[in-house]
Amino acid sequence: MSKDIVFSGVQPTGEIHLGNYLGAIKQFLNFQNECDSIFCIVDQHAITIFQDPNELKENVLSVLAIFLASGLDPKKCIIFNQASVREHSVLSWYLSCTARVGWLNRMTQFKDKAGKNRDNASLGLYAYPVLMAADILLYHADKVPVGDDQKQHLELTRDIAHKFNADYRHEYFKLPDPIINKDAPRIMSLRDANNKMSKSDVSKYSRILLTDSNDEISTKISKAKSDSLKMPSSSDELSDRPEINNLITIYSSISNIDKDSVINLFSGKEISFFKSELKDLVISLVEPIASSTNEIKSDISYLKTTLEDGAMRATERARKTIDEVNKLIGFSID
Ligand code: AQP
């Protein structure tokens, strides 16, 4: 039986943080062993908000270095940057003719990112979920490991695939399933547990980067917002304590110990004691990734070869899809 196809992407819009790792990259590591996996550095998504060209180039290589340092192996999966496979843009246009404006109007991420000044947002930011659908459908992905913030975009991808199949009377596209890490669906900001940990948050204390030094990690966890109570003794207490809930989620997800067991482990203890244990745990995860990232980043020719090789393998598959879709749409005259 053929393996399930897995596709997911990460934007090179800034430095990769613990939310990206626990919500997405950690899942990629398991999938590369079990499935036919394709991981994409989605630079075309990044430019929906203006990026300095030199920084963009730099960020693509940084994300790649972090992928490799985290344990992604180009022998086990395809890793490439989106702009190097033109078929993403081609399919995105086709699918934008299938997607309905009403569907896009419901996307909450656009509302959040565009803010109050919606008329001034780029058309690309609005159409972003259609490009995302193209990324996924181009490779006939069965599974898409993402953080819970992307769930709505995955539902849209399924709607687009379903309508395309119905319009062209052919069960061509598979309807992909989102795979959300149930232990860390959404890691929240360390400064405000109502917002997700994010690359674009103005406060650098809101996120732990995979390239942070041990001192930076210690400071960020010490400063992480909490409350003046002791550690909870049951999960019922977490609903009123979102900051502690978030820190326990991080502990649980890194240690692979379920949340109830983490609560039992620290029940009634001082928060400062828990934070100190959490610091050690986060450092044990980040330190080797940060040092390996630095080493890998210095080997530019290895990074470039890895991307070129990935792009070649991705292009082969993407072209086949576009050839087939062209026939379905009526673009190829036989
Ligand atoms: N806080 C999070 N918790 C769990 N998963 C998360 N992801 C992002 N933030 C969290 C998941 O990481 C993957 C890559 O995300 P992305 O780089 O494509 O885009 P994003 O969601 O826009 O990430 P950021 O860091 O929050 O960037 P900005 O600041 O630009 O909005 C995705 O699977 C995402 O779900």
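This text follows the structure it describes.
Residues numbered from 1 in each chain as written. Predicted model: local features only at pLDDT ≥ 70, side-chain atom pairs only at ≥ 80, totals over all residues. Heavy atoms only, no water.

A.B. asks: Summarise helix α9 (residues 214-223); cite the residues concerned and give the values.
C.D. replies: By the burial criterion, the buried members of α9 are Ile217, Lys220 and Ile221. Looking straight down α9, one finds that the buried residues subtend no more than 95 degrees of arc, so they occupy a single side. Residues of α9 that are buried in the fold lie against α12 (271-297). (Buried < 20%, exposed > 50% of the residue type's maximum accessible area, 1.4 Å probe, protein only. Helix = DSSP H or I, 4+ residues; strand = E, 2+ residues; numbered from the N terminus. Arc of directions from axis to C-beta. Contact = heavy atoms within 4.5 Å.)

A.B. asks: Kindly report on the packing of aromatic side chains, identifying the contributing residues and their values.
C.D. replies: In the structure shown here, the tally under the stated rule is 13 aromatic pairs. Linked through ring pairs, Phe164, Tyr168, Tyr172 and Phe173 together constitute an aromatic cluster. (Phe/Tyr/Trp six-rings, centres within 6.5 Å; stacked < 30°, edge-to-face > 60°.)

A.B. asks: Go over the nonpolar core, please, and point to the residues and values.
C.D. replies: If you look at the biggest cluster of nonpolar residues, it comprises 59 residues, and the most contacted ones within it are Phe67, Ile250, Phe274 and Val282. Considering every element that reaches this core, the biggest residue donor is α12, with 11 residues. Each of two domains, domain 1 (5-185 + 300-329) and domain 2 (204-295), supplies a minimum of three residues to this core. Formed by 44 residues, the second largest nonpolar core is a distinct cluster that contains Ala114, Val146, Phe173 and Ala318. (Core = buried A, V, L, I, M, F, W, Y, C linked by side-chain atoms within 4.5 Å. Domains from an automatic or database assignment.)

A.B. asks: Describe the environment of Thr211, naming the residues involved and giving the relevant values.
C.D. replies: If you trace the backbone, Thr211 turns up in the loop between β5 (177-179) and α9. Between the alpha carbons of Thr211 and Leu131 there is a distance of 29 Å; along the sequence they are 80 residues apart. For Thr211, the contacting residues outside a window of four places in its chain are Glu15, Ile66, Ala290 and Thr293. Polar contacts involving the side chain of Thr211 include one to the side chain of Glu15, which spans 2.9 Å. (Polar contact = N/O pair within 3.5 Å; in protein donor to acceptor, adjacent residues only side chain to side chain.)

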